[in-house]
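Breakdown of the fold
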Amino acid sequence: MNTFFDSIATALELVVSLDPTLWSIVRRSLAVSATACALSCMLGLLAGAWLAVTQFRGRRFVMTLLNTSLALPSVVVGLVVYLLLSRSGPLGGLGWLFTFKAMVLAQMILVTPLVTALTRQVIEDADSQHGEQLASLGAGRFLRSLLLAWDERYALLTVGMAAFGRAVSEVGAVMIVGGNIEGFTRVMTTAIALETSKGDLPLALGLGIVLLGVVLLLNALIGAVRAWRERRDGAANAATRGLVAA
Amino acid sequence: MKADLPLACLSGGTLAQGSAVQPAATTSPQERIQPLLELRGVAVRFGAVTALQDVDLHIGPGECVALVGANGCGKTTLLRVLHGLLRPSLGEVQVPPPRAQAMLFQRPYMMRTTVARNIALGLWLRGTPWAEARARAGAALERVQMAQLAERNARGLSGGQQQRLALARAWALAPAVLLLDEPTASLDPHAKHEVESLMAELSGAPAAGATPPMTMVFASHNLGQVKRLARRVIYLEQGRVCADLPTDAFFDRATLRAVSPEADLFLKGELL
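Cut-offs applied
Residues numbered from 1 in each chain as written. Chains lettered and ligands numbered in written order. Predicted model: local features only at pLDDT ≥ 70, side-chain atom pairs only at ≥ 80, totals over all residues. Helix = DSSP H or I, 4+ residues; strand = E, 2+ residues; numbered from the N terminus. Buried ≥ 20, exposed ≤ 12 C-beta atoms within 10 Å, placed from the backbone. Contact = placed C-beta atoms within 7 Å. Axes fitted to C-alpha atoms, helices over the stretch in contact; angles between N-to-C directions. Parallel < 35°, antiparallel > 145°, perpendicular 65-115°, else oblique. Left-handed = near helix turned anticlockwise from the far one by under 90°. Pairing = 2+ DSSP bridges. Nonpolar A, V, L, I, M, F, W, Y, C, P; charged D, E, K, R; others polar. Core = buried A, V, L, I, M, F, W, Y, C linked by C-beta atoms within 7 Å.

Some remarks on the overall build of chain B
- The helix and strand inventory of chain B stands at nine helices and 11 strands.
- Across the 272 residues in chain B, those meeting the buried criterion constitute 51%.
- Considering only intrachain contacts with a sequence separation of at least 6, the fraction spanning at least 24 residues in chain B is 67%.

Some remarks on the packing of helix α3 (residues 59–69) of chain A against helix α5 (residues 100–137) of chain A
Residue and element names in this part refer to chain A.
- At a minimum axis distance of 8 Å, the contact between α3 and α5 shows a crossing angle of 125°. Considering their axes alone, α3 and α5 lie oblique with respect to each other. Crossing angle aside, the handedness with which α3 passes α5 is left-handed. Across from Leu66, Asn67 and Ser69 in α3, the residues of α5 making contact are Pro113, Thr116 and Ala117.

Re the pairing of strand β4 (residues 49–59) of chain B
Residue and element names in this part refer to chain B.
- Sheet analysis places strand β3 (residues 37–46) next to β4, joined by seven bridges and oriented antiparallel. When the bridges of β4 are listed, Phe46 appears paired with Val49.
- Counted along the chain from β3 to the antiparallel partner β4, the turn is two residues long, and its residue Gly47 has a positive phi close to 65°.

Some words on the interface of chain A and chain B
- If you look at the interface, chain A gives 15 residues, while chain B gives 18 residues.
- Breaking the side of chain A that touches chain B down by element, the ones donating at least two residues are α5, α6 (141–151) and α10 (201–245) of chain A.
- Element by element, the count of residues in the side of chain A that touches chain B is highest for α5 of chain A, at six residues.
- Tallied by class, the residues present in the side of chain A that touches chain B amount to six nonpolar, six polar and three charged.

Brief notes about the packing of helix α2 (residues 115–125) of chain B against helix α4 (residues 159–172) of chain B
Residues and elements named next belong to chain B.
- Axis separation between α2 and α4 bottoms out at 9 Å; the angle between their running directions is 35°. Crossing hand, α2 versus α4: right-handed. Note on element contacts: α4 touches α2 through Leu165, Ala168, Arg169 and Ala172, opposite Val115, Asn118, Ile119, Gly122 and Leu123.
- Along the lines of polarity and charge, the residues of the contact of α2 with α4 split into six nonpolar, two polar and one charged.

Points about the nonpolar core
- In terms of nonpolar packing, the biggest core is built from 146 residues, with Ala106 and Val177 of chain A together with Ala168 of chain B touching the most fellow members.
- Top contributing element to this core by residue count: α5 of chain A, with 19 residues.
- Sequence-distant contacts of Val177 of chain A, that is, excluding residues within four places in its chain, are made with Gly78, Val81, Tyr82, Leu85, Leu97, Ala102, Met103 and Ala106 of chain A.

Description of the environment of Glu142 of chain B
Residues and elements named next belong to chain B.
- Mapped onto the elements, Glu142 comes out in helix α3 (residues 130–143).
- A residue is classified by how many C-beta atoms lie within 10 Å of it, and Glu142, with 13 of them, is partly exposed.
- Along the primary structure Glu142 and Ala168 are separated by 26 residues, whereas in three dimensions their C-alpha atoms are 8.9 Å apart.

Focus on the sheet that holds strand β7 (residues 101–104) of chain B
Residues and elements named next belong to chain B.
- Strands sit in the order β7-β8-β9-β5-β10-β11 across an open sheet of six strands; the sheet is mixed. Every other strand in the sheet has two partners, leaving β7 and β11 (240–246) as the edge strands with one partner each. Across this sheet, the average inter-strand angle for adjacent strands is 15°, counted without regard to direction.
- Pairing between β7 and strand β8 (residues 177–181): four bridges, direction parallel. Residue Leu104 lies in a different strand from β8, and its bridge partner there is Leu180.

Let's talk about the environment of Asn71 of chain B
- With respect to the element layout, Asn71 of chain B can be found in the loop between β5 (64–68) and α1 (75–83).
- The spatial distance from the C-alpha of Asn71 of chain B to the C-alpha of Leu82 of chain B is 19 Å, given a sequence separation of 11 residues.

Remarks on unusual backbone geometry
- Its identity as a non-glycine residue notwithstanding, Leu18 of chain A has a phi of 55°, on the positive side.
- Inspection of the secondary structure puts Leu18 of chain A in the loop between α1 (2–16) and α2 (20–53).
- Non-glycine residue Ala174 of chain B carries a positive phi angle of around 50°.
- If you trace the backbone, Ala174 of chain B turns up in the loop between α4 and β8.

Here it is as structure tokens:
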């Protein structure tokens, strides 16, 4: 029990004292996941928007494939990316294995289906309710889906958040394709796994605290944006009622 | 809107450009000269369900026509066919192209932005440059006496205000034909009155920048509203047109009974 509380106390000390080792891992981890998430969102939002409003032969098969890839095990993704990027693999010439780029690629493969599937769901629901009205105004199919995506931006913000959460917390893929090299490819999750196996619990716990803190901060930010929006809408409504009553 | 209006012709699921028509000043169902909206033998089927069958319809420029009937009788389907949102399974449809029309829905969809931008968006989607669209949005808001709400969030407006905004958005598009699907069905009495007054003002009057009067076709369950606004009433039952009469004749029970006993029964039920 003492070990547990001692470890927590040391971990908090590492976090508060801005320990350079800990914070360099945190920065790298956030950079990898944010890059992967941004690229996935660009691809996934467009693909999801397109899928939401397009009917084509084999759509059901694509949807099944997409939904299946939501449950992709990260170690399998890591293995496939490793084989692709290894010296004898088809993308071996890129020289990306055990680099930042390899980790971004692996996380993108993990996260893009999630963004695509959730975006498709959000836009398809909005389209079934309002698509005909936008079509009536003259919006073509794809423009309609983009307008609906813009209108549902707060729901999609949550999708982006979920994607970041998945990316930043996965360990298998980045461990395989990044190699957990200190100072180069060591990120929060791989460091936690390593330090735990080494018995350095304070550093592992410190990284865990930061990881949770990042997710908590993101949630709080999204909540704050929503609350600000609702307050603004509420104020507008009240002003409108006042104006009309006057 | 120019006087010569190209028509889109839908026939058994195919689309082609039709000839032009010269709008007449007024038409009655009996005259039926140069209709602006014309349906011949139209049927719409959704699998085994027949939503419309054998519909022949001629509506002239400037007419204000009400579609009445029980729920599920085909009013909305007919409006969607007229607007080109739905292709008929059978028959021919000759109507102005969708971009020369506007349609109002029971619950209008407003984007999560300002009132003025919602109107401008409609214009922009039909090819008006954004700056010009913004300027014309202001004029449309003045037309419906909502200029003071231009910068408010459209989603924050009441149901009645949103429907008036939807009318302004439609009016700004300068449509030759305005289709309305139960525009006051979900509104409280005060909002109903506001929207209805606006419909009365717009009915038969030219839309923004248009010369010929606007043709209005609306579906409604409110017979008082039908009496006040429409000059002609079309009664639908199970997807068929059972009565197509001038409003006075429709509300004259003896005439209606002679033309369509089904419509008379409906009217009797609604008036009870």
